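Remarks on the overall topology
Each chain, letter by letter, is given below.
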Amino acid sequence: MPNRLSMVVFSGTVDRLYPAAIMASGAVAMGMDVDIFLTFYGLDAFRKGQPSTNTKMDVNYAELAPMLAQLMREKNVPSWYEMLRIAKEMGKVRVHACAMTLDLMGLKKDDLDPIIDDVVGVGEFVSQAKEGEITLFL
Amino acid sequence: MPNRLSMVVFSGTVDRLYPAAIMASGAVAMGMDVDIFLTFYGLDAFRKGQPSTNTKMDVNYAELAPMLAQLMREKNVPSWYEMLRIAKEMGKVRVHACAMTLDLMGLKKDDLDPIIDDVVGVGEFVSQAKEGEITLFL
Amino acid sequence: MPNRLSMVVFSGTVDRLYPAAIMASGAVAMGMDVDIFLTFYGLDAFRKGQPSTNTKMDVNYAELAPMLAQLMREKNVPSWYEMLRIAKEMGKVRVHACAMTLDLMGLKKDDLDPIIDDVVGVGEFVSQAKEGEITLFL
């Protein structure tokens, strides 16, 4: 049975979506399964059309963040979304939308980016995560 | 022996206190025990009187956060505090205050909301958390 | 075999570097090994010269953060860096720099504070972390 990395992605800034995608890639490369549970701002970042237009960076790093974004463009670093898409092609990465957040926002699965596999409740996610080896909240 | 979810709650904004309470509820519904370790801004959010007056939302989401807060009011979503209180009634949820933060702030247990069970050191929390299945830092 | 605490330190504000250092200390005191993986703003906070000059606090807590910083000075609380240095002397604490972030910033290991042990890829870190008991993202 493969190991599992479970991430709750609460944040919706580009700089925190990168670590989610990068760790998903790294885990898949190591033969691990990945479960991502999108909630709050993290789910909003996956509304249809959002992944390609989101340029929000953490305001705490107002000097550093634009420099990083600039370096990424110059060095042709793939977007966090592209990294996540490739990780999904290379291994078992499941992207779950938080049912409660979806309800609250009055959205349906069709309003979300197609990279999302399903809509699950927090209880289901928690009981999956406890079978895994790594759990992170981003 | 039941499984355990351990959360270090460092943040004190309402939008991050919700996931703590919601995951506590979800874990309890799945028969898990929950340990919450309140530190820094997370502990400040549990000073007496704070839970009911705190309206702070993450400044990174200045457009989205007020919309979410508004939707919660309209849909009569219980407060994060109420969710946590109910989770405590339904299962084994222990809320710990970080001894070092309490000391630093010059506070005593009596200055904190009664939902808090005890005051513990970080070493004690870490050694509890390592027996658990899910560990998160919020 | 000792237990292990693995932390991904993404944040570079002083108030989030403290929990990293404090949890490292607590874990070491409990006989655990600690692995810290520095990425993004967390790695920037470990550039040479940065640890002693960084005074950045989370902007979400603009009233509380300066009060905490002031209390720490008054009570002679050691800096997060000093706490981490002592934890390293007392036990097995390894501090890793994220290879991808280093590359992106155009930095070399020599540009980083000497407390950093090595430069590792995310895959290597993830596969170490899954052997551990506690995994946190700060």
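Now for a description of the structure that goes with this document. This is a predicted model, so every value here is computed, not measured. (Residues numbered from 1 in each chain as written. Chains lettered and ligands numbered in written order. Predicted model: local features only at pLDDT ≥ 70, side-chain atom pairs only at ≥ 80, totals over all residues. Heavy atoms only, no water.)

**As for the side chain of B:Thr101**
Residue and element names in this part refer to chain B. Position of Thr101 relative to the elements: it lies in helix 6 (residues 99-105). Within the structure, Thr101 has its side chain in polar contact with the backbone nitrogen of Phe40 (distance 3.4 Å). The contacts of Thr101, once residues within four sequence positions are left out, are Thr39, Phe40 and Leu43. (Helix = DSSP H or I, 4+ residues; strand = E, 2+ residues; numbered from the N terminus. Polar contact = N/O pair within 3.5 Å; in protein donor to acceptor, adjacent residues only side chain to side chain. Contact = heavy atoms within 4.5 Å.)

**Section: the interface of chain B and chain C**
With 29 residues of chain B at the contact, the number on the chain C side is 30 residues. Interface of chain B and chain C: buried area, both sides summed, is about 2,500 Å²; carbon and sulfur atoms make up 73% of it. Broken down residue by residue, the surface that chain B buries against chain C is led by B:Tyr41, B:Leu104 and B:Phe137, which jointly contribute 28%. Applying the counting criterion to the chain B and chain C interface returns one salt bridge. With a shortest N-O distance of 3.2 Å, B:Lys56 and C:Glu63 are connected by a salt bridge. At the junction of chain B with chain C, the criterion picks out ten residue pairs in polar contact (both at pLDDT 80 or more). Top element by residues in the side of chain B that touches chain C is helix 7 (residues 122-129) of chain B. It accounts for six residues. Partitioned by chemical class, the residues of the side of chain B that touches chain C number 14 nonpolar, eight polar and seven charged. (Buried area = accessible area lost by both parts, 1.4 Å probe. Salt bridge = Lys/Arg side-chain N within 4 Å of Asp/Glu carboxyl O. Nonpolar A, V, L, I, M, F, W, Y, C, P; charged D, E, K, R; others polar.)

**Section: the sheet that holds strand 5 (residues 134-137) of chain B**
All names here are of chain B. Judged by pairing direction, the sheet is parallel, and its five strands sit side by side in the order 4-3-2-1-5 without closing on themselves. Two strands close off the open sheet at either side, each with one partner strand: strand 4 (118-120) and strand 5. Strand-to-strand, the axes of this sheet are offset by a mean angle of 25 degrees, without reference to chain direction. Along the sheet face, helix 1 (residues 14-29) touches strand 1 (4-9), strand 2 (33-38), strand 3 (93-98) and strand 5 and points at about 170 degrees away from the line of strand 1. (Pairing = 2+ DSSP bridges. Axes fitted to C-alpha atoms, helices over the stretch in contact; angles between N-to-C directions.)

**Details of empty space enclosed by the protein**
With a probe scaled to a water molecule rolled over the atoms, the places where space remains empty come into view. A complete count under the given rule lists eight cavities of 30 Å³ or more for this structure. A:Asp58, B:Arg16, B:Asp58, C:Arg16 and C:Asp58 are the residues nearest the centre of the largest cavity, which is lined by 18 residues in total. Looking at the lining of the largest cavity, its residues break down into three nonpolar, nine polar and six charged. (1 Å grid on protein atoms, 1.4 Å probe; cavity = no way out; pocket = protein on both sides within 12 Å on 5 of 7 lines; lining within 4 Å. Points joined across faces, edges and corners; volume = space filled by probe spheres on them.)

**Brief notes about the interface of chain A and chain B**
Taken together, the 29 residues of chain A in the interface contact 29 residues of chain B. Interface of chain A and chain B: buried area, both sides summed, is about 2,500 Å²; carbon and sulfur atoms make up 73% of it. Three residues stand out in chain A for area buried against chain B, namely A:Tyr41, A:Leu104 and A:Phe137, and they jointly supply 29% of the buried area on that side. In this structure, the connection of chain A to chain B is made through one salt bridge. Our count for the chain A to chain B interface comes out at ten residue pairs in polar contact (both at pLDDT 80 or more). Only helix 2 (40-44), helix 6 (99-105), helix 7 (122-129) and strand 5 (134-137) of chain A provide two or more residues apiece to the side of chain A that touches chain B. Per-element accounting of the side of chain A that touches chain B gives the leading share, six residues, to helix 7 of chain A. Looking at the side of chain A that touches chain B, its residues break down into 14 nonpolar, eight polar and seven charged.

Worth remembering: the numbers are spatial, not functional.
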